[in-house]
Amino acid sequence: MNETDTTTHPTNGEASSSPGDRPSHNTGTATTPGAQRRVLVVEDDPTILDAIAARMRAEGFVVQTAADGPAAVETAAAFQPDLLVLDVMLPGYDGLEVCRRVQAQRPVPVLMLTARDDETDMLVGLGVGADDYMTKPFSLRELVARTHALLRRVERAAAVAATPRPGSVQLGDLEIDRTQRRVRAGGKDVHLTPTEFDLLLCLARTPRAVLTREQLLADVWDWADASGTRTVDSHVKALRRKIGAERIRTVHGVGYALETGALSEGS
C-alpha cells in the first residue's frame, strides 16, 4: 500500500491509513462554498463508517452518516444528499431496500458497497437504482475517485438534457427518446435506470461498432480505470434483461456492440 492509499478491511473491522492520507480537518465544509456537495454515508461498521466520512470531509464534501436502514431513509429525506454511499448489509432493512425507498423519494446517484463478490447481488442492486458498486476491501482513494466521477456524470447528463437535440434515435424496433429519456423495445416501454439509459445511448451512437469496456467506463461513468470494468459487465447484463439479450453483442476480451436494425433519427 502506498502513502496516498487507504484500504478498508471488513473482515476484521479495521481501516489503515498513512499520515499523509488522513484528513487535516473534520469540519465537513469545502473551501469553495458554492462547490459543496452533500454525501450520505450508510455503513454499520463504525470503523469503516468513520474512515469513509473523514476522507469525504477532507475532500470538501458535506457529510452525514447513518448506521442502519431506517436511519438511512430518514436522514436521506431530511439531508437531501447529492450522492449516497450505501452498504448492502445493514440492520433494520438492507441496503437494497434503503435504495428503493430513497429513490422513491427523489432520484439520487448511489454507490453501493458489498462484502460479497456476488454478481446476483450486484444485478439486484443495479435493478433498484444503484449506479455503481465496490466490493470490500476497497481503497478509499478509489472510492473518492468514483464519487467524483458519479457526480460529474450526473452534472453532464443534466447539461445534455438541457441542450436541444434531435428527439429520438430509431434502431430497428428499438427507440431511444433522448429528450424524455425514454426507451421502447418491440413496441413496449422499457424502464431503465439513469445509468442504463446512458449506457444504451452510448452504444447507440455507433451501432454495430465494438466499444471497449474502458471506453464505456470513460464515456458513461467518467471513470477511466480498468478496475471498474466489472461494473460495465454487470450493467450490460442488467440492460440485456430489459431490452433483449440478442441486442447487445459481446466481443470477448474487448467489449460490446449494439446489434440492431438500420439507424434513423427523428427531429
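Read on for an overview of the structure. (Residues numbered from 1 in each chain as written. Predicted model: local features only at pLDDT ≥ 70, side-chain atom pairs only at ≥ 80, totals over all residues. Heavy atoms only, no water.)

**Points about unusual backbone geometry**
(1) Moving on: Cis geometry marks the peptide bond from Lys136 to Pro137; its omega dihedral reads -5°.
(2) Moving on: Following the sequence through the fold, Pro137 ends up in the loop between β7 (132–135) and α5 (140–161).
(3) Moving on: Not every positive phi belongs to a glycine, and Arg181 is a case in point at roughly 55°.
(4) Moving on: When you line up the elements, Arg181 lands in the loop between β9 (174–177) and β10 (182–185).
(5) Moving on: A residue is classified by how much of its surface remains accessible, and Arg181, at 32% relative accessible area, is partly exposed.
(6) Moving on: Even without glycine at this site, Arg208 takes up a positive phi of about 75°.
(7) Moving on: Examined against the element boundaries, Arg208 turns out to sit in the loop between α6 (194–204) and β12 (211–212). (Helix = DSSP H or I, 4+ residues; strand = E, 2+ residues; numbered from the N terminus. Buried < 20%, exposed > 50% of the residue type's maximum accessible area, 1.4 Å probe, protein only.)

**Things to note about the packing of aromatic side chains**
For any two aromatic rings, the description comes down to two numbers: the centre-to-centre distance and the angle of the planes.
(1) Moving on: Scanning all chains against the criterion turns up 0 aromatic pairs.
(2) Moving on: Positioned above the aromatic ring of Tyr93, the side-chain terminus of Arg101 is 4.4 Å from the ring centre. (Phe/Tyr/Trp six-rings, centres within 6.5 Å; stacked < 30°, edge-to-face > 60°. Lys NZ or Arg CZ within 6 Å of the ring centre and 35° of its normal.)

**Re the pattern of salt bridges**
(1) Moving on: The full count for this structure, using the stated rule, is 18 salt bridges.
(2) Moving on: Between Glu142 and Arg146 there is a salt bridge, with its nearest N and O atoms 2.7 Å apart. With Glu142 and Arg146 both in helix α5 and 4 residues apart, the pair spans about one turn of that helix.
(3) Moving on: Looking at Arg146, the relative accessible area reads 4%, which means it is buried.
(4) Moving on: Close ionic contact of Arg153 with Asp198 constitutes a salt bridge, the shortest N to O distance being 2.9 Å. (Salt bridge = Lys/Arg side-chain N within 4 Å of Asp/Glu carboxyl O.)

**Topic: helix α1 (residues 46–58)**
(1) Moving on: Spanning 13 residues, α1 covers 18 Å between terminal C-alpha atoms, matching the ideal 18 Å at 1.5 Å per step.
(2) Moving on: Among all positions in α1, only Ile48, Leu49, Ala51, Ile52, Ala53, Ala54, Arg55, Met56 and Arg57 are buried.
(3) Moving on: Sitting at the head of α1, Asp45 places a side-chain oxygen 2.9 Å from the backbone nitrogen of Thr47. (Expected span 1.5 Å × (residues − 1). Polar contact = N/O pair within 3.5 Å; in protein donor to acceptor, adjacent residues only side chain to side chain.)

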